[in-house]
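Results of the structural survey
For reference, the chains in residue letters:
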Amino acid sequence: MDMNARKARLELLLQKQKEKEKNDEIQMRLVWMLEPFSTKEGIRLLDDKEREKMKTELIESIPIIEWVSLDLEKMNNKFVIHNVSRDKVASFFKDKELYTENSVYLFLQDDLPPFSTWPWVKMPLSKIIENSINLAAEEAYPQYVFSPSPRFVIEFVESDLITIAW
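Now for a description of the structure that goes with this document. (Residues numbered from 1 in each chain as written. Predicted model: local features only at pLDDT ≥ 70, side-chain atom pairs only at ≥ 80, totals over all residues. Heavy atoms only, no water.)

1. Things to note about the overall build of the protein chain
When helices and strands are tallied, the protein chain shows five helices and nine strands. Of the regular secondary structure in the protein chain, the N- to C-terminal order runs α-β-α-β-β-β-α-β-β-α-α-β-β-β. With respect to the principal axes defined by its C-alpha atoms, the protein chain has extents near 70 × 30 × 25 Å. Considering only residue pairs separated by 6 or more positions, the protein chain has 68% of its internal contacts joining residues 24 or more positions apart. If you sum the accessible surface of the protein chain, you get close to 9900 Å²; carbon and sulfur atoms cover 50% of it. Positive and negative side-chain charges of the protein chain, numbering 23 and 29 respectively, have mean locations separated by a distance of 6 Å. (Helix = DSSP H or I, 4+ residues; strand = E, 2+ residues; numbered from the N terminus. Contact = heavy atoms within 4.5 Å. Areas by Shrake-Rupley, 256 points an atom, 1.4 Å probe, with all protein chains shown as cover. Lys, Arg positive; Asp, Glu negative; His and termini not counted. Charge placed at Lys NZ, Arg CZ, Asp CG, Glu CD.)

2. Quick notes on the pairing of strand S6 (residues 121-124)
Pairing of strand S1 (residues 44-45) with S6, which is carried by two bridges, proceeds in the antiparallel orientation. The residue of S6 that forms the bridge with Leu 45 is Val 121. Of the strand pairs in this sheet, strand S5 (residues 103-108) and S6 are connected by four bridges, and their pairing is antiparallel. Of the residues in S6, the one forming a bridge with Tyr 105 is Lys 122. (Pairing = 2+ DSSP bridges.)

3. Side note on the nonpolar core
One finds Phe 93, Ile 128, Ile 154 and Ile 162 to be the most contacted residues of the largest nonpolar core, which totals 30 residues. Of all the secondary structure elements, the ones that give two or more residues to this core are helix H1 (3-34), helix H3 (86-95), S5, S6, helix H4 (125-130), strand S8 (151-158) and strand S9 (161-165). Excluding residues that lie within four positions of it along the chain, Ile 154 makes contacts with Phe 93, Leu 125, Ile 128, Gln 143, Tyr 144, Val 145, Ile 162, Thr 163 and Ile 164. Core analysis: the next-biggest nonpolar cluster, separate from the first, contains 15 residues, Leu 46, Met 75, Trp 120 and Tyr 144 among them. (Core = buried A, V, L, I, M, F, W, Y, C linked by side-chain atoms within 4.5 Å. Buried < 20%, exposed > 50% of the residue type's maximum accessible area, 1.4 Å probe, protein only.)

4. Quick notes on helix H2 (residues 48-61)
With 14 residues, H2 ought to run about 20 Å at 1.5 Å a step, and its terminal C-alpha atoms sit 20 Å apart, in line with that. For H2, the complete set of buried residues consists of Glu 50, Arg 51, Met 54, Lys 55, Glu 57 and Leu 58. Relative to the axis of H2, the buried residues are bounded by an arc of 160 degrees and lie together on one face. Exposed positions of H2 whose direction lies more than 90 degrees from the buried face are Asp 48, Lys 49, Lys 53 and Glu 60. Looking at the buried residues of H2, the elements they touch are S1, S5, S6, strand S7 (143-148) and S8. (Expected span 1.5 Å × (residues − 1). Arc of directions from axis to C-beta.)

5. Digging into the pairing of S5
The element S5 is largely enclosed, with a buried count of five among its six residues. Two strands pair when backbone bridges link them, and S5 and S7 are joined in this way by four bridges, in the antiparallel orientation. Each bridged residue has a counterpart across the sheet, and for Tyr 105 the counterpart in S7 is Phe 146.

6. Topic: the packing of aromatic side chains
Under the defined criterion, the tally for this structure stands at eight aromatic pairs. For the pair Phe 92 and Trp 166, a centre-to-centre distance of 6.1 Å together with 65 degrees between the ring planes defines the contact as edge-to-face. One end of the pair, Phe 92, is in helix H3; the other, Trp 166, is in the segment after S9, with 74 residues separating them in the sequence. Note on Trp 166: relative accessible area 21%, which makes it partly exposed. Ring geometry for Phe 93 and Phe 152: centres 5.2 Å apart, planes at 55 degrees, overall tilted. Residue Phe 93 is found in helix H3, and its partner Phe 152 is found in strand S8; the two are separated by 59 residues along the sequence. Through a chain of ring-to-ring contacts, the aromatic side chains of Phe 79, Phe 92, Phe 93, Phe 152 and Trp 166 assemble into a single cluster. Across the ring face of Tyr 99, the terminal group of Lys 94 is positioned such that the distance to the ring centre comes to 5.8 Å. (Phe/Tyr/Trp six-rings, centres within 6.5 Å; stacked < 30°, edge-to-face > 60°. Lys NZ or Arg CZ within 6 Å of the ring centre and 35° of its normal.)

This is the structure:
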């Protein structure tokens, strides 16, 4: 094998190793994201194109503080639910007429747009409500849920409390 062939082979192996490391990191993030859910049924990983579309919608509709957190103080309506329970969360969404059968999008707190690269997942709002206690648990990884229609965001960043804003 000549020197150029060896160099090309080595570059290919390095590229494959980097791709494997990236895929392993994505899988680890997915495990963190989906750990609070009792079943994974109805949850779908977004492809790159759909994730970019949702990130654009989020950026255009929800204020972001320097890619650190969502600026929910600037939203027209903001409510905090303490001592989270499935019934409290379900009642809130029905009372405020925010309950929807449309899909919502879950993403990690440390992956705010526009530079986010980690996975986003799509699921029914009912799945979020059903698992809200686990999402708000102390050991859960901080996450956000974005609904493009009706437009709102749910923040799961503190133990046993969630913030909903629109």
